[in-house]
Amino acid sequence: AQSVTQLGSHVSVSEGALVLLRCNYSSSVPPYLFWYVQYPNQGLQLLLKYTSAATLVKGINGFEAEFKKSETSFHLTKPSAHMSDAAEYFCAVSEGGGSQGNLIFGKGTKLSVKP
Amino acid sequence: DTAVSQTPKYLVTQMGNDKSIKCEQNLGHDTMYWYKQDSKKFLKIMFSYNNKELIINETVPNRFSPKSPDKAHLNLHINSLELGDSAVYFCASTPSGLAGGQQYFGPGTRLTVT
């Protein structure tokens with residue numbers, strides 16, 4: 001079965017600092033990997049996804065993630081944090097060998113940005 | 001022009017009641033999902049429907065019954081509500097249901113059972 005582990009339930013950075021949110025996955029088949037963001041009291045919005053093309057994936061709002069098969073990781077980064085980046089971030093893997101699309105989510109990382 | 005909409009946004013009810021949450025998508029997608037987000041923000045798949053047919057039914061109590069009158073709608077009916085059902089329920093849709101497809105989420109329905 002596939003699973004996702006997000007290290008750190010809460011990450012706090014200063015405005016302008018590097019953002020690094022960690023995600024490791026477990027999968028017996030080539031995975032599809034996603035990062036979603038959830039702002040307070042809102043639904044989930046896709047930041048970016050990896051679907052076996054380029055290993056470095058660029059997303060919205062200046063975020064990017066790198067797929068590293070050898071480390072089974074898909075960490076999310078942003079060079080310079082903005083106050084508006086404060087939110088909950090979820091890493092997810094798509095389950096199944098191409099026939100199902102439901103997402104297996106990590107437990108989420110809350111990002112706080114200090115002025 | 002909301003892509004995935006859910007009603008109601010908030011639902012407060014007492015234990016033992018029966019309630020429904022509605023979901024509609026105007027994206028023309030074939031596959032729709034229900035996810036549950038608990039108080040610790042953990043998201044878990046509950047059901048998946050492809051073209052009105054049930055594809056995935058995770059270990060959800062049979063008090064929960066999804067209904068899809070057409071491929072644009074996936075409603076969630078809950079019988080005999082329990083305190084542990086309190087959560088935020090998200091509906092989502094995707095074009096084909098294949099792994100790797102982007103899912104579009106609704107705004108969520110916060111259910112509180114007292």
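> How do you make sense of the side chain of Ser48(B) when you look at a structure like this?
Residues and elements named next belong to chain B. You can see Ser 48 is positioned in strand β5 (residues 43–50). Its relative accessible area of 1% is what places Ser 48 among the buried residues. Setting aside anything within four residues of it in sequence, one finds Ser 48 in contact with Thr 31, Met 32, Tyr 33, Glu 53, Leu 54, Ile 55 and Ile 56.

> Please clarify how the state of the cysteines should be interpreted in this entry.
Here a disulfide denotes a covalent bond joining the sulfur atom of one cysteine to the sulfur atom of another. Inspection of every chain in the model, using the stated rule, returns two disulfides over all chains. At a sulfur-sulfur separation of 2.0 Å, the disulfide partner of Cys23(A) is Cys91(A). The sign of the -65° torsion about the S-S bond sets the Cys23(A)-Cys91(A) disulfide as left-handed. Here the residue Cys23(A) occupies a position in strand β3 (residues 19–26), and Cys91(A) occupies one in strand β9 (residues 87–94), the gap between them amounting to 68 residues. Comparing Cys23(A) with Cys91(A) shows no difference in burial state: the two are buried. The disulfide partner of Cys23(B) is Cys91(B), and the gap between their sulfur atoms is 1.9 Å. Between Cys23(B) and Cys91(B) the sulfur-sulfur dihedral comes to about -75°; the bridge is accordingly left-handed. Within this pair, whereas Cys23(B) is found in strand β3 (residues 19–25), its partner Cys91(B) is found in strand β9 (residues 87–94), the two being separated by 68 residues in sequence. In terms of burial, Cys23(B) and Cys91(B) fall into one category: buried.

The rules behind each value
Residues numbered from 1 in each chain as written. Chains lettered and ligands numbered in written order. Predicted model: local features only at pLDDT ≥ 70, side-chain atom pairs only at ≥ 80, totals over all residues. Heavy atoms only, no water. Helix = DSSP H or I, 4+ residues; strand = E, 2+ residues; numbered from the N terminus. Buried < 20%, exposed > 50% of the residue type's maximum accessible area, 1.4 Å probe, protein only. Contact = heavy atoms within 4.5 Å. Disulfide = S-S within 2.5 Å.

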